[in-house]
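Given next are the chains, with one letter for each unit.
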Amino acid sequence: EVYFSFLGISNLSRGVMGGVFDQYPIQAGLGFGAAASVRIVRSQTAQIGIQKDAATEVVKKQLSVIVKNYNSSLDTYVNVAGEVQQAKKYHDSLTGRIRLGEKISALELMDGVKTLAEAETKMLALNAEVNLNLDRIKRLKFEGAYADMKDLPDENGE
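An account of the accompanying structure is given in this report. (Residues numbered from 1 in each chain as written. Predicted model: local features only at pLDDT ≥ 70, side-chain atom pairs only at ≥ 80, totals over all residues. Heavy atoms only, no water.)

For the rest of this paragraph, the subject is the side chain of His 91. With respect to the helices, strands and loops of the structure, His 91 is situated in helix α1 (residues 34-99). The class of His 91 is buried, set by a relative accessible area of 19%. (Helix = DSSP H or I, 4+ residues; strand = E, 2+ residues; numbered from the N terminus. Buried < 20%, exposed > 50% of the residue type's maximum accessible area, 1.4 Å probe, protein only.)

It is worth spelling out the side chain of Asn 133 at this point. Of note, Asn 133 is situated in helix α2 (residues 106-140). According to the relative accessible area criterion, Asn 133 is buried, its value standing at 3%. Setting aside residues no more than four positions away along its own chain, Asn 133 makes contact with Ile 66, Asn 69, Tyr 70 and Ser 73. (Contact = heavy atoms within 4.5 Å.)

On to the nonpolar core. Ranked by size, the top nonpolar core spans 7 residues in total: Val 80, Val 84, Ala 87, Leu 116, Ala 119, Met 123 and Leu 126. At the level of elements, α1 and α2 are the ones that each hand at least two residues to this core. Top element by residues in this core is α2. It accounts for 4 residues. Apart from residues lying up to four places away in sequence, Met 123 is in contact with Tyr 77, Val 80, Ala 81 and Val 84. (Core = buried A, V, L, I, M, F, W, Y, C linked by side-chain atoms within 4.5 Å.)

This paragraph deals with the pattern of salt bridges. Going through the model one piece at a time under the given rule, you end up with 6 salt bridges. Linking Glu 102 and Arg 97 is a salt bridge whose minimum nitrogen-to-oxygen distance equals 3.1 Å. Accessibility expressed as a relative area gives 26% for Arg 97, which makes it partly exposed. Of the charged contacts, one joins Arg 97 and Glu 108 as a salt bridge, the two residues approaching to 3.6 Å between their closest N and O atoms. Within this pair, whereas Arg 97 is found in helix α1, its partner Glu 108 is found in helix α2, the two being separated by 11 residues in sequence. By sharing partners, the salt bridges in this structure join Arg 97, Glu 102 and Glu 108 into a single network. (Salt bridge = Lys/Arg side-chain N within 4 Å of Asp/Glu carboxyl O.)

Printed below as a string of structure tokens:
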């Protein structure tokens, strides 16, 4: 609009109020303000380019952090699975001893139940964290349920 308004513009060409380009100054007729308006538009275009590059770098950093968290969670999975297995063995040994008629203190039995519950809770939390990080990766890469978002128009309207 700035580049092609050298003969003046109509007030109706600005569109509705609150438009994204309303901030750019455009002179209403012939004059010497066109060069300044063009410089302003060029600087705004450069600023938008810088913001785009910054947003791209932020997304790359987020993806890197999420992948590291995801890999860390996968490394932890073996240890947590071992904890769950050991807690189940301990709990099963306590219940087996009770079935055989051995006297078990209530504190020891509660400790076995508590240990098993904590280990299973840790496994559930780890599974939730892995799934959440996997979903974040898919969202940043536009995969899975987010694949349709790739088809949104880009800055050229394509």
